[in-house]
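Structure assessment
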Amino acid sequence: MNMQHSASKSNLPVIFTESVTLTMSSREIAELCETRHNQVVETISRLFGSGVLRESRNTTRRVQPEGGGRPMEVYDLTKRDTLVVVSGYKDELRARIIDRWLELEGQSIPASLTGPQLMAAALIEADATMKAQALQIKAMQADVSAHERLTKADGSLNVTEAAKNLGMRPKDLFDWLSHNGWIYRRAGSANWLGYQPKCNQGLMEHKSTTVTRADGSEKISEQVRITPKGLSVLSKLIFPTAKLIGGAQ
(Lines give C-alpha, C1' and ligand atoms only; values in the text may rest on other atoms or scores of the structure.)
Protein backbone atom coordinates (compact mmCIF):
# COMPACT_ATOMS: atom_id res chain seq x y z
CA MET A 1 0.00 0.00 0.00
CA ASN A 2 1.46 3.35 -1.07
CA MET A 3 0.51 6.88 -0.08
CA GLN A 4 0.74 9.87 -2.41
CA HIS A 5 0.55 13.34 -0.81
CA SER A 6 -0.80 16.51 -2.38
CA ALA A 7 -1.66 19.89 -0.89
CA SER A 8 -5.38 20.70 -0.77
CA LYS A 9 -7.47 23.84 -0.13
CA SER A 10 -11.11 24.02 0.89
CA ASN A 11 -13.63 26.46 2.34
CA LEU A 12 -14.61 23.81 4.88
CA PRO A 13 -12.90 23.51 8.29
CA VAL A 14 -9.46 21.98 7.79
CA ILE A 15 -8.95 18.59 9.43
CA PHE A 16 -5.87 17.39 7.53
CA THR A 17 -2.92 19.56 6.51
CA GLU A 18 -2.49 17.41 3.37
CA SER A 19 -4.57 14.87 1.47
CA VAL A 20 -3.44 11.27 1.25
CA THR A 21 -4.18 9.05 -1.75
CA LEU A 22 -3.87 5.40 -0.82
CA THR A 23 -3.07 2.78 -3.42
CA MET A 24 -2.85 -1.01 -3.37
CA SER A 25 -0.30 -2.81 -5.53
CA SER A 26 -1.13 -5.59 -7.96
CA ARG A 27 1.33 -7.72 -6.02
CA GLU A 28 -0.65 -7.33 -2.78
CA ILE A 29 -3.90 -8.07 -4.62
CA ALA A 30 -2.38 -11.32 -5.91
CA GLU A 31 -1.15 -12.30 -2.44
CA LEU A 32 -4.49 -11.59 -0.73
CA CYS A 33 -6.44 -13.44 -3.43
CA GLU A 34 -3.92 -16.32 -3.59
CA THR A 35 -3.52 -16.01 -7.35
CA ARG A 36 -0.63 -15.53 -9.76
CA HIS A 37 0.61 -11.97 -10.05
CA ASN A 38 0.81 -12.14 -13.85
CA GLN A 39 -2.91 -13.02 -13.97
CA VAL A 40 -3.76 -9.93 -11.90
CA VAL A 41 -1.55 -7.81 -14.16
CA GLU A 42 -3.30 -9.20 -17.27
CA THR A 43 -6.70 -8.27 -15.81
CA ILE A 44 -5.52 -4.76 -14.93
CA SER A 45 -4.01 -4.23 -18.39
CA ARG A 46 -7.26 -5.37 -20.05
CA LEU A 47 -9.38 -3.04 -17.89
CA PHE A 48 -7.05 -0.11 -18.61
CA GLY A 49 -7.40 -0.93 -22.31
CA SER A 50 -11.20 -0.82 -22.13
CA GLY A 51 -11.14 2.44 -20.14
CA VAL A 52 -12.78 0.97 -17.03
CA LEU A 53 -9.91 1.88 -14.69
CA ARG A 54 -9.91 5.68 -14.64
CA GLU A 55 -8.48 6.80 -11.28
CA SER A 56 -5.10 5.03 -11.34
CA ARG A 57 -2.10 5.64 -13.57
CA ASN A 58 -1.63 3.22 -16.45
CA THR A 59 2.04 2.79 -15.54
CA THR A 60 4.03 0.23 -13.60
CA ARG A 61 7.02 0.33 -11.28
CA ARG A 62 9.76 -2.28 -11.10
CA VAL A 63 9.94 -4.27 -7.86
CA GLN A 64 12.66 -6.71 -6.84
CA PRO A 65 11.21 -9.80 -5.05
CA GLU A 66 12.50 -10.24 -1.52
CA GLY A 67 13.61 -13.81 -2.19
CA GLY A 68 15.53 -12.82 -5.29
CA GLY A 69 14.69 -13.61 -8.89
CA ARG A 70 13.64 -11.44 -11.79
CA PRO A 71 12.18 -7.98 -11.06
CA MET A 72 8.44 -7.65 -11.64
CA GLU A 73 6.34 -4.84 -13.07
CA VAL A 74 3.76 -3.77 -10.46
CA TYR A 75 0.65 -1.60 -10.84
CA ASP A 76 -0.58 0.69 -8.02
CA LEU A 77 -4.37 1.10 -7.92
CA THR A 78 -6.76 3.35 -6.02
CA LYS A 79 -9.45 1.82 -3.86
CA ARG A 80 -12.13 2.24 -6.54
CA ASP A 81 -10.00 0.64 -9.24
CA THR A 82 -8.91 -2.18 -6.92
CA LEU A 83 -12.56 -3.07 -6.23
CA VAL A 84 -13.29 -3.03 -9.97
CA VAL A 85 -10.42 -5.47 -10.62
CA VAL A 86 -11.64 -7.96 -8.00
CA SER A 87 -15.37 -7.50 -8.73
CA GLY A 88 -15.49 -10.86 -10.50
CA TYR A 89 -13.64 -12.76 -7.77
CA LYS A 90 -15.28 -15.03 -5.22
CA ASP A 91 -17.03 -13.42 -2.26
CA GLU A 92 -14.38 -14.43 0.27
CA LEU A 93 -11.57 -13.01 -1.88
CA ARG A 94 -13.34 -9.68 -2.34
CA ALA A 95 -13.94 -9.61 1.41
CA ARG A 96 -10.19 -9.95 2.03
CA ILE A 97 -9.48 -6.97 -0.22
CA ILE A 98 -12.17 -4.83 1.44
CA ASP A 99 -10.98 -5.80 4.94
CA ARG A 100 -7.39 -4.92 4.00
CA TRP A 101 -8.49 -1.52 2.67
CA LEU A 102 -10.40 -0.77 5.87
CA GLU A 103 -7.37 -1.77 7.91
CA LEU A 104 -4.98 0.42 5.93
CA GLU A 105 -7.36 3.36 5.76
CA GLY A 106 -7.63 3.20 9.55
CA GLN A 107 -3.85 3.38 9.77
CA SER A 108 -3.80 6.42 7.46
CA ILE A 109 -5.56 8.70 9.99
CA PRO A 110 -2.89 11.01 11.44
CA ALA A 111 -2.03 10.11 15.04
CA SER A 112 -2.04 13.80 15.99
CA LEU A 113 -5.81 14.02 15.59
CA THR A 114 -7.73 13.65 18.82
CA GLY A 115 -11.23 14.24 20.17
CA PRO A 116 -13.74 15.88 17.78
CA GLN A 117 -11.28 15.97 14.87
CA LEU A 118 -10.60 12.24 15.07
CA MET A 119 -14.32 11.52 15.25
CA ALA A 120 -15.02 13.77 12.25
CA ALA A 121 -12.27 12.06 10.21
CA ALA A 122 -13.61 8.61 11.09
CA LEU A 123 -17.17 9.59 10.10
CA ILE A 124 -16.02 11.04 6.77
CA GLU A 125 -14.04 7.90 6.01
CA ALA A 126 -16.90 5.56 6.97
CA ASP A 127 -19.34 7.54 4.82
CA ALA A 128 -17.00 7.41 1.80
CA THR A 129 -16.52 3.66 2.21
CA MET A 130 -20.26 2.99 2.44
CA LYS A 131 -20.97 5.10 -0.66
CA ALA A 132 -18.26 3.31 -2.66
CA GLN A 133 -19.62 -0.10 -1.65
CA ALA A 134 -23.20 0.95 -2.49
CA LEU A 135 -22.11 2.08 -5.96
CA GLN A 136 -20.31 -1.19 -6.56
CA ILE A 137 -23.34 -3.24 -5.49
CA LYS A 138 -25.59 -1.17 -7.80
CA ALA A 139 -23.21 -1.73 -10.73
CA MET A 140 -23.08 -5.47 -10.04
CA GLN A 141 -26.89 -5.69 -9.86
CA ALA A 142 -27.19 -3.91 -13.22
CA ASP A 143 -24.63 -6.28 -14.70
CA VAL A 144 -26.55 -9.33 -13.47
CA SER A 145 -29.82 -7.96 -14.87
CA ALA A 146 -28.20 -7.33 -18.25
CA HIS A 147 -26.76 -10.85 -18.26
CA GLU A 148 -30.18 -12.38 -17.54
CA ARG A 149 -31.85 -10.35 -20.31
CA LEU A 150 -29.26 -11.34 -22.88
CA THR A 151 -29.12 -15.06 -22.10
CA LYS A 152 -32.94 -15.24 -22.37
CA ALA A 153 -33.08 -13.39 -25.69
CA ASP A 154 -34.24 -15.32 -28.77
CA GLY A 155 -32.08 -15.67 -31.84
CA SER A 156 -28.59 -14.58 -32.80
CA LEU A 157 -27.49 -11.17 -34.10
CA ASN A 158 -25.16 -10.15 -36.86
CA VAL A 159 -22.19 -8.03 -35.81
CA THR A 160 -23.88 -4.75 -36.75
CA GLU A 161 -26.96 -5.59 -34.68
CA ALA A 162 -24.76 -6.74 -31.78
CA ALA A 163 -22.86 -3.44 -31.91
CA LYS A 164 -26.16 -1.55 -31.59
CA ASN A 165 -27.04 -3.52 -28.45
CA LEU A 166 -23.61 -2.83 -26.97
CA GLY A 167 -23.78 0.88 -27.78
CA MET A 168 -20.78 0.69 -30.12
CA ARG A 169 -20.02 1.58 -33.71
CA PRO A 170 -20.09 -1.57 -35.88
CA LYS A 171 -16.54 -0.84 -37.08
CA ASP A 172 -15.26 -0.75 -33.49
CA LEU A 173 -16.90 -4.09 -32.68
CA PHE A 174 -15.53 -5.70 -35.85
CA ASP A 175 -12.05 -4.44 -34.89
CA TRP A 176 -12.39 -5.72 -31.31
CA LEU A 177 -13.62 -9.17 -32.40
CA SER A 178 -10.84 -9.45 -34.97
CA HIS A 179 -8.05 -8.45 -32.58
CA ASN A 180 -9.32 -10.62 -29.73
CA GLY A 181 -9.64 -13.94 -31.52
CA TRP A 182 -13.37 -14.06 -32.24
CA ILE A 183 -13.56 -13.58 -36.04
CA TYR A 184 -11.24 -13.80 -39.05
CA ARG A 185 -11.25 -13.64 -42.85
CA ARG A 186 -9.93 -16.23 -45.27
CA ALA A 187 -7.42 -14.99 -47.82
CA GLY A 188 -9.23 -13.39 -50.74
CA SER A 189 -12.63 -13.46 -49.01
CA ALA A 190 -14.67 -10.46 -47.87
CA ASN A 191 -16.76 -12.47 -45.40
CA TRP A 192 -15.99 -12.72 -41.71
CA LEU A 193 -15.98 -16.14 -40.03
CA GLY A 194 -16.04 -17.07 -36.36
CA TYR A 195 -13.19 -19.02 -34.82
CA GLN A 196 -14.26 -22.59 -34.10
CA PRO A 197 -13.51 -22.48 -30.31
CA LYS A 198 -15.94 -19.56 -29.93
CA CYS A 199 -18.57 -21.45 -31.92
CA ASN A 200 -18.01 -24.57 -29.82
CA GLN A 201 -18.59 -22.49 -26.68
CA GLY A 202 -21.94 -21.33 -28.03
CA LEU A 203 -20.78 -17.72 -28.35
CA MET A 204 -21.04 -17.52 -32.15
CA GLU A 205 -22.68 -19.37 -35.02
CA HIS A 206 -22.83 -19.30 -38.81
CA LYS A 207 -25.93 -18.95 -40.96
CA SER A 208 -26.22 -19.23 -44.72
CA THR A 209 -28.18 -16.54 -46.52
CA THR A 210 -29.18 -16.31 -50.18
CA VAL A 211 -28.31 -13.05 -51.94
CA THR A 212 -29.84 -12.12 -55.33
CA ARG A 213 -27.38 -10.49 -57.71
CA ALA A 214 -28.26 -7.66 -60.09
CA ASP A 215 -28.47 -10.11 -62.99
CA GLY A 216 -31.04 -12.23 -61.16
CA SER A 217 -28.67 -15.03 -60.23
CA GLU A 218 -28.40 -16.14 -56.61
CA LYS A 219 -25.39 -16.42 -54.35
CA ILE A 220 -25.21 -18.27 -51.05
CA SER A 221 -23.29 -16.29 -48.45
CA GLU A 222 -22.23 -17.48 -45.00
CA GLN A 223 -22.65 -14.93 -42.21
CA VAL A 224 -21.14 -15.03 -38.72
CA ARG A 225 -23.61 -14.21 -35.96
CA ILE A 226 -23.33 -13.62 -32.22
CA THR A 227 -25.57 -15.65 -29.93
CA PRO A 228 -27.31 -14.20 -26.84
CA LYS A 229 -24.71 -15.96 -24.71
CA GLY A 230 -21.93 -14.43 -26.81
CA LEU A 231 -23.45 -10.95 -26.50
CA SER A 232 -23.58 -11.36 -22.72
CA VAL A 233 -19.90 -12.34 -22.61
CA LEU A 234 -18.95 -9.41 -24.86
CA SER A 235 -20.83 -6.95 -22.65
CA LYS A 236 -18.69 -8.05 -19.70
CA LEU A 237 -15.39 -8.03 -21.63
CA ILE A 238 -15.80 -4.72 -23.45
CA PHE A 239 -17.98 -2.64 -21.14
CA PRO A 240 -18.09 -4.31 -17.68
CA THR A 241 -20.09 -1.43 -16.15
CA ALA A 242 -21.99 -0.20 -19.23
CA LYS A 243 -25.77 -0.36 -19.64
CA LEU A 244 -26.89 -2.18 -22.76
CA ILE A 245 -29.27 -0.43 -25.15
CA GLY A 246 -31.41 -1.40 -28.09
CA GLY A 247 -33.16 -4.71 -28.60
CA ALA A 248 -31.67 -6.50 -25.58
CA GLN A 249 -33.70 -4.46 -23.14
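Quick look at the structure, then.

1. Notes on the pattern of salt bridges
By the definition in use, this model includes 11 salt bridges. We note a salt bridge from D76 to R61, for which the minimum N-O separation is 2.5 Å. In this pair, D76 is assigned in strand β4 (residues 72–77) and R61 in strand β3 (residues 60–63), connecting sequence segments 15 residues apart. Under the relative-accessibility criterion, D76 is labelled buried at 18%. A residue is classified by how much of its surface remains accessible, and R61, at 33% relative accessible area, is partly exposed. Here the salt bridges do not stand alone but share partners, grouping E28, R100 and E103 into one network.

2. Description of the side chain of S156
Looking at where S156 falls in the secondary structure, it is placed in the loop between α5 (115–151) and β5 (157–158). In this structure S156 comes out as buried when scored by relative accessible area, which is 8%. Only 2.6 Å separates the side chain of S156 from the side chain of E205, close enough to count as a polar contact. Filtering out sequence-adjacent residues up to four positions away, S156 remains in contact with E161, E205, K207, R225, I226, T227 and P228.

3. Considering the packing of helix α6 (residues 159–166) against helix α9 (residues 228–238)
Put simply, α6 and α9 touch, their axes get as near as 11 Å, and they point 50° apart. One way to sum up the angle between α6 and α9 is to call them oblique. Along this stretch, α6 crosses α9, giving a crossing that reads as right-handed. Across the interface between the two elements, A162, N165 and L166 of α6 pack against L231, L234 and S235 of α9. Residue classes in the contact of α6 with α9 are distributed as four nonpolar, two polar and no charged.

4. A word on the packing of aromatic side chains
All told, the structure shown has four aromatic pairs when counted by the stated rule. Seen from their ring centres, Y184 and Y195 are 4.6 Å apart, and the 35° between their planes marks the pair as tilted. Here Y184, found in strand β6 (residues 183–185), pairs with Y195, found in the loop between β7 (192–194) and α8 (196–200); they are 11 residues apart in sequence, far enough to count as distant. Take Y184: its relative accessible area is 27%, and that puts it in the partly exposed class.

5. Notes on the packing of helix α1 (residues 26–33) against helix α2 (residues 37–49)
Running from N to C, α1 and α2 cross one another at 120°; their axes reach a closest spacing of 9 Å. Between α1 and α2, the angle falls in the class oblique. As for the relative orientation of α1 and α2, their crossing is right-handed in sense. Between α1, through S26, R27, I29 and A30, and α2, the contact on the second element is made entirely by H37, V40, V41 and I44. Here the residues of the contact of α1 with α2 sort into five nonpolar, two polar and one charged.

Reading guide: rules and limits
Residues numbered from 1 in each chain as written. Predicted model: local features only at pLDDT ≥ 70, side-chain atom pairs only at ≥ 80, totals over all residues. Heavy atoms only, no water. Salt bridge = Lys/Arg side-chain N within 4 Å of Asp/Glu carboxyl O. Helix = DSSP H or I, 4+ residues; strand = E, 2+ residues; numbered from the N terminus. Buried < 20%, exposed > 50% of the residue type's maximum accessible area, 1.4 Å probe, protein only. Polar contact = N/O pair within 3.5 Å; in protein donor to acceptor, adjacent residues only side chain to side chain. Contact = heavy atoms within 4.5 Å. Axes fitted to C-alpha atoms, helices over the stretch in contact; angles between N-to-C directions. Parallel < 35°, antiparallel > 145°, perpendicular 65-115°, else oblique. Left-handed = near helix turned anticlockwise from the far one by under 90°. Nonpolar A, V, L, I, M, F, W, Y, C, P; charged D, E, K, R; others polar. Phe/Tyr/Trp six-rings, centres within 6.5 Å; stacked < 30°, edge-to-face > 60°.

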